[in-house]
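Structural overview for review
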Amino acid sequence: MTMNSNIPEGPIEKKWSNHKFNMKLVNPANRRKYKIIVVGTGLAGSSVAATLGELGYNVHAFCYHESPRRAHSIAAQGGINAPKNYSNDGDSVYRLFYDTIKGGDYRARESNVFRLAEVSGSIIDQCVAQGVPFARDYAGYLDNRSFGGAQVARTFYARGQTGQQLLLGAYAALNRQIDVGTVKFYDRREMLDVVIIDGKARGIVARNLISGKIESYAADAVVLATGGYGNVFFLSTNAKASNATAVWRAHKKGALFGNPCFTQIHPTCIPVSGEHQSKLTLMSESLRNDGRVWVPKKKGDTRSAKDIPENERDYYLERLYPSFGNLVPRDVASRRAKEMCDNGYGVGASKMAVYLDFADAIKRLGSDEVFQKYGNLLDMYKQITGEDPYKVPMRIYPAVHYTMGGLWVDYNLMSTIPGLFVLGEANFSDHGANRLGASALMQGLADGYFIAPYTISNYLASNKFAAVKEDNKEFTEAENGVTATINKLLSIDGTKTVDEFHREFGKAMWDYVGMARNKAGLQKALKILPEIREKFWKEVKITGNAHDINTELEKAQRVADFMELGELMAIDALHREESCGGHFREEYQTEEGEAKRNDKKFAYVAAWEYTGKPGKPKMNKEDLDFEEVHPSQRSYK
Amino acid sequence: MKLTLKVWRQNNKNDEGRFVDYAAKDVSPDMSFLEMLDVVNIDLVKKGETPIVFDHDCREGICGSCGMMINGRAHGPGRGIATCQLHMRSFNDGDEITIEPWRAKAFPVLKDLMVDRTSFERIMRAGGYTSAKTGGIPDGNTILIPKPVADEAFDAAACIGCGACVAACPNSSAMLFVGAKVSQLALLPQGQAERETRVTRMVAQMDEEKFGSCSNTYACEAECPKGISVTHIARLNREFVSAQF
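Residues numbered from 1 in each chain as written. Chains lettered and ligands numbered in written order. Predicted model: local features only at pLDDT ≥ 70, side-chain atom pairs only at ≥ 80, totals over all residues. Heavy atoms only, no water.

1. Here's the deal with the overall build of chain A
For chain A, the helix and strand inventory stands at 16 helices and 19 strands. Relative to a compact globule of 637 residues, whose C-alpha radius of gyration would be 26 Å, chain A shows 24 Å and is just as compact. Each of the three principal axes of chain A carries a C-alpha extent, and together these read 75 × 60 × 50 Å. Across the 637 residues in chain A, those meeting the buried criterion constitute 66%. Counted over contacts in chain A with a minimum sequence separation of 6, partners at least 24 positions apart contribute 74%. (Helix = DSSP H or I, 4+ residues; strand = E, 2+ residues; numbered from the N terminus. Rg over C-alpha atoms; globule rule 2.2 N^0.38 Å. Buried < 20%, exposed > 50% of the residue type's maximum accessible area, 1.4 Å probe, protein only. Contact = heavy atoms within 4.5 Å.)

Structure follows, in structure tokens:
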């Protein structure tokens, strides 16, 4: 497999502008002759579809919801980073670049991260122009707050609903293009295969989720912006339908999968309350700005929080990390919370939680200001737990939240399948082994508004395209494959539901490929996971038929793909004999219990190739060169 | 808890539909309403029946996918929540719960509790945006928007597009949904250039979709998961009238 990252020459701050100048352009009058398919219309998908439409391309956008506004980007709470330096605290493009490389524990590509930092300022301007109601001060200026892993205040926000407002901005831009006719929108369609003709991605096969019809669509380029794969764990903060089917099926058609084991566990989620739990709810990391994390100093303390005096509380993040305190990066905060609970200091009925306390903030700022800043988050907590966080400290515990891994892409965001571009969380991305808070929205919109529109134009201008139609044999073959899988699933008629299998698989993933991993556990996972998959294909029960709305069938296909991807995650985690960011191998830690990287052996991206059978992938390496930021042991002390 | 559910089952748009009774056993007060339905559905599948179909996704009250009439109320008892945020602690052991889809001409039932809300999409496409193209935009701080204005615009922009306002309204009016978007953009300097065409087009599309008129019952505000105020309907009316002259 050839894998060329196509990083432009020149000094890091010139790479993107040089590359933009060197890329080929498509004449405005010719653009409508090119058809581009965009799959997924969250932040990255909506923004790229809208921008390509504005440029004059013939865009066809697909999503499995009834509306782009339902995408899970909508649930991002805290904010979006940009080094505007409005706070006058010494921020710069270089500092955001540096923080992101360091936050990612030196496992990201420098050139991509620099470009991300470089274009991020324009995102804020773009969103303001769309009417996104960012938080402002009384003089009318944009307000900023600080976030984990940074010592400057560079995060722009719209109360605790920043993702919603940014997505509605991109959605509005997309609606405008649908209105003027440059974008055709297909709702309730799930992509089930990528069609490759003469070595290029030339279309997709999708299922119409209302009629059940299998449909083919041809194009000159295909963009996947289908999000992450956190739902492999069953319990995660992802929306219920978030899935990896589009990227996994592209992987099986030849797109390499980069760093699948890099998953992010978010430190501030509402703890599990029982067996019935269907998903986990995140509380924005921004809460750590004013909330203080603590556990009782005494092991197994059963007193309620209000009965534990100040001197018997351990504000362990402030104690262990005096300079970053409660704002250490997510991986560090998560691991420490797990450690506290594993060592018997956990709180609440399950003892699998730590406190996040707003008492001091309410004393200092008053409940009105706390409400202004965090109102919707605190309400959400109350709604779910039945407890009032203005009166008692919240209980939090880490949960799966984001996946840094994804389809491998070059500097142009193109996968190893020519003409197949991958954007947002779906690609292996700019976040290395750990993503900093308020960077996901930034990356999704950077890819969609300011990067992919240029690189896709360059691809179209640099290639010749033979005429392709939906009745080409490659489409028929792909349709037949998709139909065969569906029929196979429906014919099993076993005894266990899809959810029961998913729960069992997810539990094994969490136990052995979760927050802390070790060799023995991963080897065990590699035994258990394929067994569950095998059982699934023999014993799953799906009612209803293929020619109708069938939510069980939709889930079954997604879970079948998760069961193959999960195994790849375990293989990747086993091979990476080091700890870095979200990938924590218990065998590799410093004396203080921090992640211990092995830069000599593992300073590379592991890009896995599908060889025809799940569980037998071949690894390709992209070595990472650090010319700007010298890798060092991350320290937030 | 043990509950009896009376659930609306309808195979497709053309089917007449009917209520079917189901027993929900071992319901924990900590379950969300949708988790309770998940459990009922697992039983149904195991019995070889088709599960109750309903739209849902984020399950944290922001995506706007879920929505059902529970005992005659949009999103069930309680204020300021979507169906996914309703927890079973709001019910008592032995309760009978009636569960229906949104009922409105502009929201045809697709299956069981799932409705087609693409009428909302068509309204949004009829001008629910600013025509800002990507790129070449001046710095965000060149437009000053004082906090109270930004806050009020935000209150309107918080709409999740769930359709509870329409479902709760005796006239199936979409005035709160349309008002929220018109109001958000009318309040902000960025929305001024297209202010008149926007309101005119969006209202025309709303009428074409066969939503009813507003008769000031305020049921929409009462059931809105985001508590969006009817003052945005007042602003919509003002904007619409002034756009006609």
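Picking up where we left off.
2. Quick look at the side chain of A:Asn620
Along the chain, the position of A:Asn620 falls in strand β19 (residues 618-623). Non-local contacts of A:Asn620, meaning those with residues more than four positions away in its chain, are made with A:Met1, A:Met3, A:Leu256, A:Val605, A:Ala606, A:Ala607 and A:Glu609.

3. Some thoughts on the environment of A:Ala117
All names here are of chain A. Inspection of the secondary structure puts Ala117 in helix α4 (residues 110-130). By relative accessible area, which is 2% here, Ala117 ends up buried. The contacts of Ala117, once residues within four sequence positions are left out, are Pro83, Val93, Leu96 and Phe97.

4. Some thoughts on the packing of helix α5 (residues 162-180) of chain A against helix α11 (residues 440-462) of chain A
All names here are of chain A. Between α5 and α11, the least distance of the axes is 11 Å, while the angle of their chain directions is 10 degrees. Classified by the angle their axes make, α5 and α11 are roughly parallel. On α11, the residues that touch Thr162, Gly163, Leu166, Gly169 and Ala170 of α5 are Leu441, Leu445 and Tyr449. Partitioning the contact of α5 with α11 into residue classes produces five nonpolar, three polar and no charged. (Axes fitted to C-alpha atoms, helices over the stretch in contact; angles between N-to-C directions. Parallel < 35°, antiparallel > 145°, perpendicular 65-115°, else oblique. Nonpolar A, V, L, I, M, F, W, Y, C, P; charged D, E, K, R; others polar.)

5. Re the environment of A:Lys596
Residues and elements named next belong to chain A. Structurally, Lys596 can be placed in the loop between α15 (551-575) and α16 (599-602). You can call Lys596 partly exposed: its relative accessible area is 44%. Along the primary structure Lys596 and Gln633 are separated by 37 residues, whereas in three dimensions their C-alpha atoms are 7.5 Å apart. Discounting chain neighbours no more than four positions away, the residues touching Lys596 are Glu578, Ser579, Tyr588, Gln589 and Thr590.

6. Some points on empty space enclosed by the protein
Once rolled over the atoms, a probe with the size of a water molecule shows which space is left empty. Considering all chains together, one arrives at 18 cavities of 30 Å³ or more under this definition. Considering only enclosed or pocket space, the second largest cavity measures out at about 680 Å³ in volume. Of all the secondary structure elements, the ones that give two or more residues to the lining of the second largest cavity are α13 (498-513) and α15 of chain A together with α1 (33-46) of chain B. Class assignment of the residues belonging to the lining of the second largest cavity gives a composition of 16 nonpolar, 13 polar and 15 charged. (1 Å grid on protein atoms, 1.4 Å probe; cavity = no way out; pocket = protein on both sides within 12 Å on 5 of 7 lines; lining within 4 Å. Points joined across faces, edges and corners; volume = space filled by probe spheres on them.)

7. Concerning the packing of helix α5 (residues 175-187) of chain B against helix α8 (residues 231-243) of chain B
The geometry of a pair of packed helices is captured by two quantities: the angle between their axes and the separation between those axes. All names here are of chain B. Running from N to C, α5 and α8 cross one another at 70 degrees; their axes reach a closest spacing of 8 Å. Considering their axes alone, α5 and α8 lie roughly perpendicular with respect to each other. For the pair α5 and α8, contact is made by Met175, Leu176, Val178, Gly179, Ala180, Val182, Ser183, Ala186 and Leu187 and by His232, Ile233, Arg235, Leu236, Asn237 and Glu239, respectively. Here the contact of α5 with α8 is built from residues that sort into nine nonpolar, four polar and two charged.

8. Remarks on unusual backbone geometry
Residues and elements named next belong to chain B. Positioned with a positive phi, Asp112 is a non-glycine residue whose angle comes to about 45 degrees. Tracing the chain through its elements places Asp112 in the loop between β6 (109-111) and β7 (114-115). Within the chain, Asn216 stands out as a residue other than glycine whose phi angle is a positive 55 degrees.

9. Re the domain arrangement of chain A
Residue and element names in this part refer to chain A. Per the domain assignment, the segments of chain A are domain 1 (265-400) and domain 2 (474-598). Domain 1 and domain 2 are separated by 30 Å when their C-alpha centres are compared. Domain 1 puts 14 residues into the contact, and the matching count from domain 2 is 11 residues. Around 950 Å² of area is buried between domain 1 and domain 2 when both sides are counted, 55% of it from carbon and sulfur atoms. A per-residue breakdown of the area domain 1 buries against domain 2 is headed by Ile265, Arg335 and Lys338, which together make up 49% of the total. Counting the contacts that link domain 1 with domain 2 gives one salt bridge. With a closest N to O distance of 3.0 Å, Arg336 and Glu594 form a salt bridge. (Domains from an automatic or database assignment. Buried area = accessible area lost by both parts, 1.4 Å probe. Salt bridge = Lys/Arg side-chain N within 4 Å of Asp/Glu carboxyl O.)

10. A closer look at the pairing of strand β8 (residues 214-218) of chain A
Residue and element names in this part refer to chain A. In terms of burial, β8 is largely enclosed, as five of its five residues are buried. Side chains of β8 alternate between two faces, with Ile214, Ser216 and Ala218 and Glu215 and Tyr217 buried alike. Hairpin connection between strand β7 (residues 200-208) and β8: a loop of five residues separates the two successive antiparallel strands, and Gly212 in this loop has a positive phi of roughly 80 degrees. (Pairing = 2+ DSSP bridges.)

11. Quick notes on the domain arrangement of chain B
Residue and element names in this part refer to chain B. Considered domain by domain, chain B is made up of domain 1 (3-111) and domain 2 (117-132 + 141-243). Of note, the centres of domain 1 and domain 2, computed from C-alpha atoms alone, are 28 Å apart. Counting from both sides, the interface comprises 22 residues of domain 1 and, opposite them, 20 residues of domain 2. By the criterion of area lost to domain 2, the three top residues of domain 1 are Trp102, Ala106 and Phe107, representing 31% of everything that side buries. Our count for the contact surface shared by domain 1 and domain 2 stands at two salt bridges. Taken together, the connections running from domain 1 to domain 2 amount to six residue pairs in polar contact (both at pLDDT 80 or more). Residues of the side of domain 1 that touches domain 2, tallied by class, amount to 11 nonpolar, six polar and five charged. (Polar contact = N/O pair within 3.5 Å; in protein donor to acceptor, adjacent residues only side chain to side chain.)

12. Observations regarding the interface of chain A and chain B
Often the size quoted for an interface is simply the accessible area lost on bringing the parts together. Every contact between the two is made by 77 residues of chain A and, on the other side, 75 residues of chain B. The largest contributions to the chain A side of the interface with chain B come from A:Arg70, A:Arg136 and A:His276, which together make up 10% of the buried area. Where chain A packs against chain B, one counts nine salt bridges. Between B:Lys46 and A:Glu500 there is a salt bridge, and its shortest N-O distance comes to 2.8 Å. Partitioned by chemical class, the residues of the side of chain A that touches chain B number 28 nonpolar, 29 polar and 20 charged.

13. Observations regarding the nonpolar core
Counting residues in hydrophobic clusters, the biggest one holds 230 residues, and the most contacted among them are A:Ile80, A:Phe134 and A:Leu224. With 13 residues, the single largest contributor to this core is α15(A). Apart from residues no more than four positions distant in its own chain, A:Ile80 is found in contact with A:Ile123, A:Ile124, A:Phe134, A:Arg154, A:Thr155, A:Phe156, A:Thr162, A:Leu166, A:Ala438, A:Leu441, A:Met442 and A:Leu445. B:Leu3, B:Val27, B:Leu37 and B:Phe91 belong to the second largest nonpolar core, which has 28 residues in total. (Core = buried A, V, L, I, M, F, W, Y, C linked by side-chain atoms within 4.5 Å.)

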